[in-house]
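# Results of the structural survey
Now for the letters of each chain:
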Amino acid sequence: MQDAQLILPAPAKLNLMLHILGRRADGYHELQTLFQFLDHGDELGFTLRQDGDIRLRTEVPGVPHDSNLIVRAARKLQVESGCRLGADIWLDKRLPMGGGIGGGSSDAATTLLALDRLWSLDWSEDRLAALGLTLGADVPVFVRGRAAFAEGVGEQLTPVELPEPWFLVAVPQVFVSTAEIFSDPELTRNSPPIKVRSLLGGDSRNDCQPVVEKRYPEVRNALMELNKFTSARLTGTGACVFGSFPNRGDADKVRRQLPATLPSFIAQGRNISMLHRKLQGQA
Ligand SMILES: C[C@@](CO)(OP(=O)(O)O)[C@H](O)COP(=O)(O)OP(=O)(O)OC[C@H]1O[C@@H](n2ccc(N)nc2=O)[C@H](O)[C@@H]1O
Ligand SMILES: Nc1ncnc2c1ncn2[C@@H]1O[C@H](COP(=O)(O)OP(=O)(O)O)[C@@H](O)[C@H]1O
């Protein structure tokens, strides 16, 4: 039977480390990064339309309807699958945009998995991940839903089992453009490749951090505040910075000591994304 309505989460991710190995001929950068999900994210609702229209019913400030990754993902899946059905989509946007925690990419991945189900397409995960990659480098990991060591531009994924600590994520009030950071001449682009098994040795550097800190004093300041209590680092190209704690109480204690001008949230690291947990529960 076809579901008439689906309500699904779109979790955030953290890059627990990020090394830049080089630059490809097309300008994209070869990375090695470690993705883990958070149990905090956006929420999307989907209902079927028989007339083929795709309508995002929630306005997202600063993002025109047709450029929203949700609409782009839905239209692409519709075209590639030749499906004549459409959807009304609602978004509860809880994640900061441009924060390096992957909200847009996660929204896109949730849309692909939701519409695959609503439209009864039954596409394989491989096919959905490949379509996702055409929307953004981070979309495939959200489609697959398992914490992973990522190589290439982020699409070659090796699933990993990581500890699931609590994270305090600080959200500096500044928008960091990923493209701007990757085009900075001072970016380190020659980190030597590491093996997935050496990861647990704990080399948690983010090669983007020095450039982001230099360009954005707000991010430098957030790192400084968090570093007073724990070892803090940047996720993706920022702006968010995070530290990890063995339990929620410890994270909360530090959160209460951060300046009121620095918003933050607490979430637990997850090796299986909330989206996949929910879809499995509904299967
Ligand atoms: C670097 C990461 C790590 O997770 O950071 P965040 O964006 O989450 O901070 C991502 O791979 C980003 O993925 P995503 O945000 O999907 O990036 P895209 O839209 O594909 O690319 C935005 C721009 O960043 C640059 N870019 C992105 C990824 C990459 N491996 N090399 C690049 O040089 C390109 O200039 C590209 O035009
Ligand atoms: N559904 C969406 N949610 C967030 N951002 C979106 C969405 N669709 C398109 N975008 C665009 O993508 C940009 C980066 O999005 P986001 O995923 O939040 O950041 P990051 O890639 O740094 O984690 C936003 O500034 C916005 O212009």
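Residue numbers here run from 1 along each chain, matching the order of that chain's written sequence. Written order decides the labels, with chains lettered from A and ligands numbered from 1. Local features in this predicted model are restricted to residues whose pLDDT is 70 or higher, and side-chain atom pairs enter the listing and the counts only when it is 80 or higher, whereas totals over whole chains, interfaces and linings include all residues. By convention in this description, side-chain values take in all heavy atoms of the structure and omit both hydrogens and water.

Short version of the rule: UniProt positions are given in the numbering used here, feature names are shortened, and annotations may be inferred rather than shown by experiment.
Where an unreviewed UniProt entry is consulted, the protein appears under the name 4-diphosphocytidyl-2-C-methyl-D-erythritol kinase, with the organism given as Metapseudomonas furukawaii. The UniProt entry for the protein carries the following text under Catalytic activity (unreviewed entry): "4-CDP-2-C-methyl-D-erythritol + ATP = 4-CDP-2-C-methyl-D-erythritol 2-phosphate + ADP + H(+)".

## Brief notes about the environment of E155
Let me state the cut-off plainly: Secondary structure counts use DSSP, requiring at least four H or I residues in a row for a helix and at least two E residues in a row for a strand, with both numbered from the N terminus. Whether two residues are in contact is decided by their heavy atoms: any pair within 4.5 Å suffices. Polar contact criterion, stated in full: a pair of N or O atoms within 3.5 Å, where within protein one must be able to donate a hydrogen and the other to accept it, and residues adjacent in sequence count only if both atoms are side-chain atoms.
On the secondary structure map, E155 appears in the loop between β5 (148–152) and β6 (156–159). Expressed as a C-alpha distance, the spacing of E155 and V211, which sit 56 residues apart in the sequence, is 24 Å. Look past the residues within four positions of E155 in its chain and what remains in contact with it is L133 and P140. Among the polar contacts listed, one links the side chain of E155 to the backbone nitrogen of V153, at a separation of 2.8 Å.

## A few points about unusual backbone geometry
Each neighbour pair has its own omega, and for G238 with A239 the value is 15 degrees, a cis peptide bond. Within the secondary structure layout, A239 lies in the loop between β8 (233–234) and β9 (241–245). One non-glycine residue, S120, lies in positive phi territory at about 50 degrees. If you trace the backbone, S120 turns up in the loop between α2 (103–118) and α3 (125–133). For D122, which is not glycine, the phi torsion reads 60 degrees and is therefore positive. Within the fold, D122 resides in the loop between α2 and α3.

## Notes on the domain arrangement of the protein
For clarity, the cut-off: Where each domain starts and ends comes from a domain assignment, either automatic or drawn from a database. Each salt bridge in this description consists of a side-chain nitrogen of Lys or Arg and a carboxyl oxygen of Asp or Glu lying within 4 Å of one another.
Splitting the protein by domain gives domain 1 (5–160 + 277–282) and domain 2 (166–270). Of note, the centres of domain 1 and domain 2, computed from C-alpha atoms alone, are 22 Å apart. Each partner contributes to the interface: domain 1 provides 30 residues, whereas domain 2 provides 35 residues. One can count zero salt bridges joining domain 1 with domain 2. Here domain 1 is connected to domain 2 by 18 residue pairs in polar contact (both at pLDDT 80 or more).

## A few points about the state of the cysteines
Inclusion rule: The criterion for a disulfide is a pair of cysteine sulfur atoms lying within 2.5 Å.
Taken as a whole and judged by the stated rule, the model has zero disulfides. Looking at C240, it has no disulfide partner, and the nearest cysteine sulfur is the one in C208, 14 Å off.

## Overview of the pairing of strand β4 (residues 86–92)
Keep this limit in mind: Three exposure classes are used, based on accessible area relative to the maximum for each residue type with a 1.4 Å probe and protein chains only: buried under 20%, partly exposed in between, and exposed over 50%. Only when DSSP finds a minimum of two bridges between them are two strands counted as paired.
Within β4, five of the seven residues are buried, leaving the element largely enclosed by the surrounding structure. For strand β2 (residues 29–49) and β4, the ladder comprises seven bridges, and the chain directions are antiparallel. Paired with E43 across the strands is D92, a residue of β4. Pairing geometry for strand β3 (residues 54–56) and β4, over three bridges, is parallel. Bridge pairing in β4 links L56 to I89.

## With respect to helix α1 (residues 69–81)
Note that an α-helix has 3.6 residues per turn; residues three or four places apart therefore point the same way. Stated precisely, the cut-off is as follows: The span expected for a helix works out to 1.5 Å for each residue beyond the first. Throughout, the arc means that of the directions going from the helix axis to the C-beta atoms.
Taking 1.5 Å per residue as the helical rise, α1 with its 13 residues ought to reach 18 Å, and the 18 Å between its terminal C-alpha atoms agrees with that figure. Those residues of α1 not exposed but buried are I70, V71, A73, A74, L77 and Q78. Projected down its long axis, α1 carries its buried residues within an arc of 165 degrees, all on one side. Its side-chain oxygen placed 2.9 Å from the backbone nitrogen of I70, N68 serves as the N-cap of α1. Remark: G82 follows α1 within two positions and exhibits a positive phi of approximately 70 degrees.

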